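Report on the structure
Residues per chain, in single letters:
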Amino acid sequence: MDKTTIICRCEEISCEEVEEVISNGGRTFDDVKRITRCGMGPCQAKICTSMVAEIIHQQTGLSLSEIPLPRMRMPLSPIKLETLATNSTSFSAVKSVLDDVEIEEGKVR
Amino acid sequence: METNYETIVIGGGVVGSGIAYHLSERYKEGVLVLDKKYPMSGTSGSTQAWVWVHNKTPSWYAEFSMYSAELYPYLSKKIGDVEYKRTGGLSPFFNESDREKAEKLAESYRKIGIKIKVLSREEVLEKEPYMNPEVAGATYSSIDGNVNPFRLIDMYMRAAKRNGVRYSTYNKVTEIKKHDGKYAVVSDNGAFECKNLILAGGTWSREIGDMLGVKIPVNQLRGQILVSEPLKPFLNFTISGLRQANNGEVLMGYSMEEAGFNRATTLDVIQETANMAVQYVPGLRKAKIVRAFSGIRAMPEDGFPILGKVPGHENLYVAATHSGVTLSPLIGTLITELIMDGETSIPIDRYSLSRFG
Ligand SMILES: Cc1cc2nc3c(=O)[nH]c(=O)nc-3n(C[C@H](O)[C@H](O)[C@H](O)COP(=O)(O)OP(=O)(O)OC[C@H]3O[C@@H](n4cnc5c(N)ncnc54)[C@H](O)[C@@H]3O)c2cc1C
Ligand code: FES
C-alpha cells in the first residue's frame, strides 16, 4: 500500500489519511472513522474494515485480535424511514424543545 | 515524555479540548491533555451538534448560550473550517395552543437581545418548504446553527498542538493526589505533576471528582440519533429535531432516557424518532436510514453547567455540562481567563459547584 492507495472506496479516503489519525494517537477503527469518515459510506465499512485494521496493526504493533471492530449499528443495511415509523404522534423519550419552555405568571421561567 | 506541567486537563472532548486550545493562545508551554480513549470517543463524537440558543430557558442561560454562539465565526477564523453554519433555527409546533407560549418567549427574550419570530403556518412553509403542511407555526431565530463536531475537535487539537499543548491518548487517569501545593495525576502510562488541574471528564465527571473527594453531581442521559443516506440539499434550517449536514445526511433525533452508561440503540426510541422525523418532514419517509447511534449526555443534577473553581481546592477547576458543543468556545474563553487573570469577563458565579452545597 502506498500513501495514495484508496482504503475506503465509498468515502475516498487514502492510506495517508488513515495513517495520520494513528500517528496522532488514534488506535481503533472508530477513531479513524470519526476523523476521516472512513467507514461511513453506503457499504458501512464492509469493504474497508480489514484494510484499516491492517494499517493500525502495522503502525502500532497491536495484534489484529486486539483491534476492536467498528461498532455495528442498527440497521445493518439501509432501511426506509417509513419502515421504522409506526405513525404514532405520541412521544415519550423524544421531546420537543418548546416543551422545556415553561411559562410562569405570564413570563418565561 | 515530560512529566511536569503547568496545567493538566483531564478529558479531551469538545469541552476539554476547547479549554486547552484557548489556554494555548495565552501561554505556549506546559499544557497536557489526558484522555482515556481518543477525543470524540465520548459524548462529543455522538451528538447532534446544534449551536442552539433561542429557546433555552431561563433567559440568563439563553443569554450565556448566545455569547458562545457569537464566538463561533471568530473561532473558525482562528482554528480553521469547522463547518460552522449559522443556518437559523426553527422549532415547529403542531398545536395552535403553543402559539401563546411562543409569543411570550419572543417577548421576554427581545429584552436580552435574542430576536425570536413566531411564524405562521404559511411563513414556516415559505422558509422550509418540505415541512409538514399540518404545522401550526414555529419559533425562529437567526442566531442558531450547527457545526461538524469531529472537525471542531480535530481543529481544536491541531491548533492546540501547534501552540505547544501535548496530548496523551488512551491514557486513563486512575488516581489524583495533592501534595506540596501540586497535583499528582496518576495514569495508565505513568504519573504527571501540575499546578493547575482542570476536570473536563464529561459524563464521567462524578468518578473523576471522587478521586479528589469532590462531589460533582453529573448524571447520565442517553440520546439516540438516526442518520439518513446523503440526500440532495433540501433543508434550509437547523430544525430542533433534525438537521441536514454538509454531506447531505440528515441527522434526526431529540430523545432523553436514563440508561446509565449503556450506549445501545433501542428499537422503541428509534421508532419514536422516525415518527418525529416523518411528522416534521413527511418527505423523509422514503429516505434510507444508514445508521443509528447513541450518546450519553453529561447532565448536571439541576440541568445547568458546572463551571469554574472547585471550592476549597486551590488551582482546581471543573467544566461539566450538557450542550457542550454550543458552549465550548465560551467555556474555553472563560476558564482561560479564570486561570490567567483570576477573574472572568462575564460572571459565572451561578455556575459554581458551590451551589450544590
Ligand atoms: C444525542 C446527543 C445530542 C446532543 N446534541 C447536542 C447539540 O445539538 N448541541 C450541543 O451543544 N450539545 C449537544 N449534546 C451534548 C454535547 O454533545 C455534550 O455536552 C458535549 O459533547 C460534552 O463534551 P465533553 O467534552 O464534556 O464530554 P466528552 O466528549 O465525553 O469528553 C470527556 C472526555 O473525558 C475522557 N475521560 C473520562 N474519564 C477519564 C479518565 N478517568 N481519564 C482520562 N480521560 C477520561 C473521555 O474519554 C472523554 O473523551 C448532545 C448529546 C447527545 C448525547
Ligand atoms: S469502503 Fe469504507 S464505507 Fe464503504
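As recorded by an unreviewed UniProt entry, chain B carries the name Sarcosine oxidase subunit beta and is attributed to Cytobacillus firmus.

Where an unreviewed UniProt entry is consulted, chain A appears under the name BFD-like [2Fe-2S] binding protein, with the organism given as Cytobacillus firmus.

**Things to note about the layout of surface pockets**
By volume, the second largest pocket is sized at about 830 Å³. Lining of the second largest pocket is provided by 39 residues; of these, Arg34(A), Arg37(A), Met40(A), Asn148(B) and Phe150(B) occupy positions nearest its centre. Of all the secondary-structure elements, those providing two or more residues to the lining of the second largest pocket are helix 1 (15-23) and helix 2 (29-36) of chain A together with helix 5 (149-162) and strand 16 (288-300) of chain B. Here the lining of the second largest pocket gets six residues from one element, more than from any other, and that element is helix 5 of chain B. A per-class count over the lining of the second largest pocket returns twelve nonpolar, ten polar and 17 charged.

**Looking at the pairing of strand 16 of chain B**
Buried residues dominate strand 16 of chain B, accounting for eleven of its 13 residues. Where strand 3 (residues 79-80) of chain A lies against strand 16 of chain B, two bridges are found, and the strand directions are antiparallel. In the strand pairing of strand 16 of chain B, Lys80(A) is matched with Lys288(B). Relative to strand 16 of chain B, strand 12 (residues 218-228) of chain B runs antiparallel, the two being bridged by eleven bridges. If you follow Gln220(B) over to strand 16 of chain B, its bridge partner there is Ala298(B).

**Focus on the environment of Tyr38(B)**
Mapped onto the elements, Tyr38(B) comes out in the loop between strand 2 (31-34) and strand 3 (50-51). Each C-alpha atom, one on Tyr38(B) and one on Gly283(B), is 37 Å from the other, the two residues being 245 residues apart in sequence. Not counting the four nearest positions on each side in its chain, Tyr38(B) is found in contact with Asn24(A), Gly25(A), Gly26(A), Asp31(A), Ile35(A), Met157(B), Thr169(B) and Tyr170(B).

**Some words on the interface of chain B and chain A**
Of the residues lining the interface, 61 residues belong to chain B; the matching set on chain A comes to 43 residues. When the two sides are added together, the surface that chain B and chain A hide from each other amounts to roughly 4900 Å², 57% of it contributed by carbon and sulfur. By the criterion of area lost to chain A, the three top residues of chain B are Tyr170(B), Tyr254(B) and Glu272(B), representing 14% of everything that side buries. Counting every contact that joins chain B to chain A gives four salt bridges. The interface formed by chain B and chain A includes 21 residue pairs in polar contact (both at pLDDT 80 or more). The set of elements that each furnish at least two residues to the side of chain B that touches chain A consists of strand 4 (89-93), helix 3 (98-110), helix 5, helix 7 (267-280) and strand 16 of chain B. No other element matches the 13 residues that helix 7 of chain B contributes to the side of chain B that touches chain A. Its residues placed into classes, the side of chain B that touches chain A shows 29 nonpolar, 19 polar and 13 charged.

About the thresholds
Residues numbered from 1 in each chain as written. Chains lettered and ligands numbered in written order. Predicted model: local features only at pLDDT ≥ 70, side-chain atom pairs only at ≥ 80, totals over all residues. Heavy atoms only, no water. 1 Å grid on protein atoms, 1.4 Å probe; cavity = no way out; pocket = protein on both sides within 12 Å on 5 of 7 lines; lining within 4 Å. Points joined across faces, edges and corners; volume = space filled by probe spheres on them. Helix = DSSP H or I, 4+ residues; strand = E, 2+ residues; numbered from the N terminus. Nonpolar A, V, L, I, M, F, W, Y, C, P; charged D, E, K, R; others polar. Buried < 20%, exposed > 50% of the residue type's maximum accessible area, 1.4 Å probe, protein only. Pairing = 2+ DSSP bridges. Contact = heavy atoms within 4.5 Å. Buried area = accessible area lost by both parts, 1.4 Å probe. Salt bridge = Lys/Arg side-chain N within 4 Å of Asp/Glu carboxyl O. Polar contact = N/O pair within 3.5 Å; in protein donor to acceptor, adjacent residues only side chain to side chain.

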